[in-house]
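# Summary of structural features
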Amino acid sequence: MSSPSPSGSAAGQLALQAVDFAYADGRSIFRQLSLTVTPGEFVVLLGPSGCGKSTLLNLLSGFIQPDRGTVSIDGEAVRPEMDALGYVFQSPNLFPWLTVLDNVRFGLRMRGDLTPAAQQQRARQYLALVGLADAAEQFPHQLSGGMRQRVALARALAPEPKLLLADEPFGALDAITRRHLNEELLRLWSQLGQTVVFITHDIDEAVFLADRVVVLGRAPQGIDTQLTVDLPRPRSFATTPRLPRFLACREQLMDRIAHVMERAV
Ligand SMILES: Nc1ncnc2c1ncn2[C@@H]1O[C@H](COP(=O)(O)OP(=O)(O)OP(=O)(O)O)[C@@H](O)[C@H]1O
Ligand SMILES: [Mg+2]
């Protein structure tokens, strides 16, 4: 089995420059928002409900367009169909009529650059990476919530995107499964080296995963604070949350979030 490597692994720089965005009702969500994510960086977006996290991810993926400013990947204006992009949603959104294997193959078939045999092999490779090699022939309704979310992760990763965008992918899971998937995600990321932008409401999850946490204030404030999480890797839930630096980052973020929420009242 070949070892995974993201396509065109030399890059994956994401840049928003001076972005203005309002929905059709005219309410401004971002004004002059700028953010750069460097290749291979793991950035977590944190902020109160309604502050614009999903909107920001949809701008980064090209699903929606800014009113002003630019969004680019490696200098090229972003388009949702770019091979560079992988997206994991809050709910797994699997096709119930397809097997686990065919769900993971789906994105590969859309791309059309692999033979059916190569698609099968790639899909099986990524199912094995997320620990689901034995579930390939099952259907989504036969899986637990955590397994479904792992299939969704395998589906997003199988095309080997340079950029992984994740919108609270583990938000609906119990704490134990969530921790396990956080560790798995970091293990995959350390092998694959993608640029990641990951949304969560959970401060512990943010600190555990991130190289950098970006806190968003109430719309249209945009970025309130950024915190570099200089904790050693590899990280594990058995040891990392006990480190004084973890606790310090957590405290700083709690203060910041409390401040952002206060200003909203
Ligand atoms: N399609 C839409 N049309 C109009 N307004 C929208 C639309 N989608 C989102 N909004 C509004 O834009 C703001 C930001 O929404 P967004 O979904 O980005 O927030 P969020 O930070 O992801 O929140 P949550 O943490 O609850 O998921 C909210 O006030 C929301 O009501
Ligand atoms: Mg959201």
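Remember, predicted model here, so these are calculated numbers, not experimental data.

Moving on, we get to the UniProt feature "domain: ABC transporter" (unreviewed entry) in the protein chain. What UniProt calls "domain: ABC transporter" (unreviewed entry) maps, in this numbering, to residues 14-243. Between the C-alpha atoms that bound residues 14-243 the distance is 31 Å, and the span itself is 32% helix and 25% strand.

Turning our eyes to something else, we now look at the layout of surface pockets. Its volume calculated, the largest pocket comes out at about 590 Å³. What lines the largest pocket is a set of 21 residues, and nearest its centre among them are Leu85, Gly86, Tyr87, Gly107 and Pro159. Those elements that place two or more of their residues in the lining of the largest pocket are strand S6 (85-88), helix H2 (100-111) and helix H4 (145-157). The element best represented in the lining of the largest pocket is H2, accounting for 4 residues. Grouping the amino acids of the lining of the largest pocket by side-chain chemistry returns 13 nonpolar, 4 polar and 4 charged.

Inspection of the region around ligand 1 gives 13 residues, with Arg27, Ser49, Gly50, Lys53 and Thr55 positioned closest. Between an oxygen atom of ligand 1 and a main-chain N or O atom of Gly50, the distance comes to 2.8 Å. Contacts to ligand 1 include Gly52, whose backbone N or O atom sits 3.0 Å from an oxygen atom. Protein contact buries 61% of the 630 Å² of open area that ligand 1 shows by itself. If you tally residues by element for the shell around ligand 1, the top one is helix H1 (residues 53-61), at 3 residues. Its residues placed into classes, the shell around ligand 1 shows 4 nonpolar, 6 polar and 3 charged.

Strands sit in the order S2-S1-S4-S5 across an open sheet of 4 strands; the sheet is antiparallel. If you trace the sheet from one side to the other, it starts and ends with strand S2 (28-37) and strand S5 (76-77), each paired once. The pairing of strand S1 (residues 14-22) with S2 spans 6 bridges and is antiparallel. Along S2, the bridge assignment pairs Leu14 with Val37.

One open sheet accounts for 6 strands, arranged S6-S7-S8-S3-S9-S10; its pairing is mixed. If you trace the sheet from one side to the other, it starts and ends with S6 and strand S10 (223-228), each paired once. The mean inter-strand angle of the sheet, taken between neighbouring strand axes irrespective of direction, is 15 degrees. Note: strand S3 (residues 42-46) against strand S9 (residues 212-216), 4 bridges, orientation parallel. Paired with Leu46 across the strands is Val215, a residue of S9. This element, H1, spans S3, S6, strand S7 (163-167), strand S8 (195-199) and S9 of the sheet and lies at about 155 degrees to S7. The sheet strands contacting helix H5 (residues 175-192) are S3, S7 and S8, and the helix crosses S3 at an angle near 145 degrees.

Here the structure, examined in full by the defined rule, presents 9 aromatic pairs. Seen from their ring centres, Phe95 and Phe106 are 4.7 Å apart, and the 55 degrees between their planes marks the pair as tilted. Residue Phe95 is found in the loop between S6 and H2, and its partner Phe106 is found in helix H2; the two are separated by 11 residues along the sequence. Taken together, the ring pairs in this structure connect Phe42, Phe170, Trp189 and Phe198 into an aromatic cluster.

If a strand is regular, its side chains alternate between the two faces of the sheet. Relative to strand S4 (residues 68-73), S1 runs antiparallel, the two being bridged by 5 bridges. The residue of S4 that forms the bridge with Ala15 is Ser72. Note that S4 and S5 share 2 bridges and pair antiparallel. Within S5, the residue paired with Ser72 across the bridge is Ala77. Hairpin connection of S4 to S5: 2 residues between the antiparallel strands, including Asp74 at a positive phi of 50 degrees.

With that out of the way, let us pick up H4. For an α-helix, 3.6 residues make a turn, and residues three or four places apart therefore share a direction. Taking 1.5 Å of rise per residue, the 13 residues of H4 would be expected to cover 18 Å, and the 18 Å separating its terminal C-alpha atoms lies within 8% of that figure. Along H4, 10 of the 13 residues are buried, which leaves the element largely enclosed by surrounding structure. Within H4, burial applies to Gly146, Gln149, Arg150, Val151, Ala152, Leu153, Ala154, Arg155, Ala156 and Leu157. Against the buried residues of H4 lie S6, H2, helix H3 (116-129), S7 and H5.

Calculation notes
- Residues numbered from 1 in each chain as written.
- Chains lettered and ligands numbered in written order.
- Predicted model: local features only at pLDDT ≥ 70, side-chain atom pairs only at ≥ 80, totals over all residues.
- Heavy atoms only, no water.
- UniProt positions renumbered as here; feature names shortened; annotations may be inferred.
- Helix = DSSP H or I, 4+ residues; strand = E, 2+ residues; numbered from the N terminus.
- 1 Å grid on protein atoms, 1.4 Å probe; cavity = no way out; pocket = protein on both sides within 12 Å on 5 of 7 lines; lining within 4 Å.
- Points joined across faces, edges and corners; volume = space filled by probe spheres on them.
- Nonpolar A, V, L, I, M, F, W, Y, C, P; charged D, E, K, R; others polar.
- Near = heavy atom within 4 Å.
- Polar contact = N/O pair within 3.5 Å; in protein donor to acceptor, adjacent residues only side chain to side chain.
- Areas by Shrake-Rupley, 256 points an atom, 1.4 Å probe, with all protein chains shown as cover.
- Pairing = 2+ DSSP bridges.
- Axes fitted to C-alpha atoms, helices over the stretch in contact; angles between N-to-C directions.
- Contact = heavy atoms within 4.5 Å.
- Phe/Tyr/Trp six-rings, centres within 6.5 Å; stacked < 30°, edge-to-face > 60°.
- Expected span 1.5 Å × (residues − 1).
- Buried < 20%, exposed > 50% of the residue type's maximum accessible area, 1.4 Å probe, protein only.

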